[in-house]
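# Report on the structure
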Amino acid sequence: SNAFVITSSFTYNACEFPSAMAKIFSLTRTAMNVAQLGGPWLGGTLMEKGGFYLPFLVMGSIQILIALGSIFTLPHPDPVSEREHLMHTKKKKGKASVC
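Not measured: the values here are computed from a predicted model.

## Overview of the packing of aromatic side chains
Inspection of the entire model under this criterion finds 3 aromatic pairs. When the centroid spacing of 5.1 Å and the interplanar angle of 50 degrees are considered together, the rings of Phe10 and Phe25 count as tilted. Of this pair, Phe10 sits in helix α1 (residues 2-16) while Phe25 sits in helix α2 (residues 21-50), and the two are 15 residues apart along the sequence. Take Phe25: its relative accessible area is 43%, and that puts it in the partly exposed class. Taking the centre distance of 5.4 Å and the plane angle of 80 degrees together, the rings of Phe52 and Tyr53 count as edge-to-face. On the basis of relative accessibility, which here comes to 65%, the residue Tyr53 falls in the exposed class. Grouping aromatic residues by their ring pairs yields a cluster made of Phe52, Tyr53 and Phe56.

In C-alpha cells, the structure reads:
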C-alpha cells in the first residue's frame, strides 16, 4: 500500500503543480518522513493506553476522515482540458505525459 501512496501522490503532484515540482516533492517527502519517524512512537503509545486494537481504530478513523475530506477539497478534473492536453501531446513526437 505504501507504493500506491507514493506513486499516486507523485503523479498527482506532477499534474497539479508542474512548475513547482521540486518544492512540492520535498514537502511531501518531508511529511512522509516525519510520519514514519513518529508513527511507531504514536502507535506504541496508543497500544500501551488502549490495547492492540486502539492504534488501528485511531489511525483508520483518521484515514477515513481525510479520505472523505479530500473528496470535497480536491479539484475535479476538467474533461475538455484533458482532451486538449492529450491532443497536444499526440502531435508531439517523443516524450508524452498524460496528466
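There is more to say, and it comes next.
## Thoughts on α2
The first and last C-alpha atoms of α2 sit 41 Å apart over 30 residues, in line with the 44 Å expected at 1.5 Å per residue. A maximum bend of about 35 degrees is found in α2 at Gly38, where proline Pro40 lies one to four positions downstream. Inspection of α2 places Ile24, Thr28, Met32, Gly43 and Leu46 among the buried residues, and these make up the whole buried set. Tucked inside the fold, the buried residues of α2 contact α1 and α3 (53-73). Just downstream of α2, Gly51 is the residue with a positive phi angle, here 90 degrees.

## Regarding a nonpolar patch on the surface
Taken together, the side chains of Met47, Phe52, Tyr53 and Phe56 define a hydrophobic patch exposed on the protein surface, amounting to about 520 Å² of accessible area. The topology assignment puts Phe52 in the loop between α2 and α3.

## Focus on the side chain of Thr28
Take Thr28: it is sitting in helix α2. Engagement of the side chain of Thr28 in a polar contact is seen with the backbone oxygen of Phe25, the distance being 3.0 Å. Residue contacts for Thr28: discarding those within four places in its chain leaves Phe10 and Asn13.

## A word on the side chain of Ser9
Structurally, Ser9 can be placed in helix α1. Take Ser9: its relative accessible area is 18%, and that puts it in the buried class. At a separation of 3.0 Å, a polar atom in the side chain of Ser9 contacts the main-chain carbonyl oxygen of Ile6.

Cut-offs used in this document
- Residues numbered from 1 in each chain as written.
- Predicted model: local features only at pLDDT ≥ 70, side-chain atom pairs only at ≥ 80, totals over all residues.
- Heavy atoms only, no water.
- Phe/Tyr/Trp six-rings, centres within 6.5 Å; stacked < 30°, edge-to-face > 60°.
- Helix = DSSP H or I, 4+ residues; strand = E, 2+ residues; numbered from the N terminus.
- Buried < 20%, exposed > 50% of the residue type's maximum accessible area, 1.4 Å probe, protein only.
- Expected span 1.5 Å × (residues − 1).
- Bend = angle between axes of the 7 residues up to and from the residue.
- Contact = heavy atoms within 4.5 Å.
- Patch = residues over 30% accessible without salt bridge, like charges linked within 9 Å, V, L, I, M, F, W, Y side chains within 5 Å.
- Areas by Shrake-Rupley, 256 points an atom, 1.4 Å probe, with all protein chains shown as cover.
- Salt bridge = Lys/Arg side-chain N within 4 Å of Asp/Glu carboxyl O.
- Polar contact = N/O pair within 3.5 Å; in protein donor to acceptor, adjacent residues only side chain to side chain.

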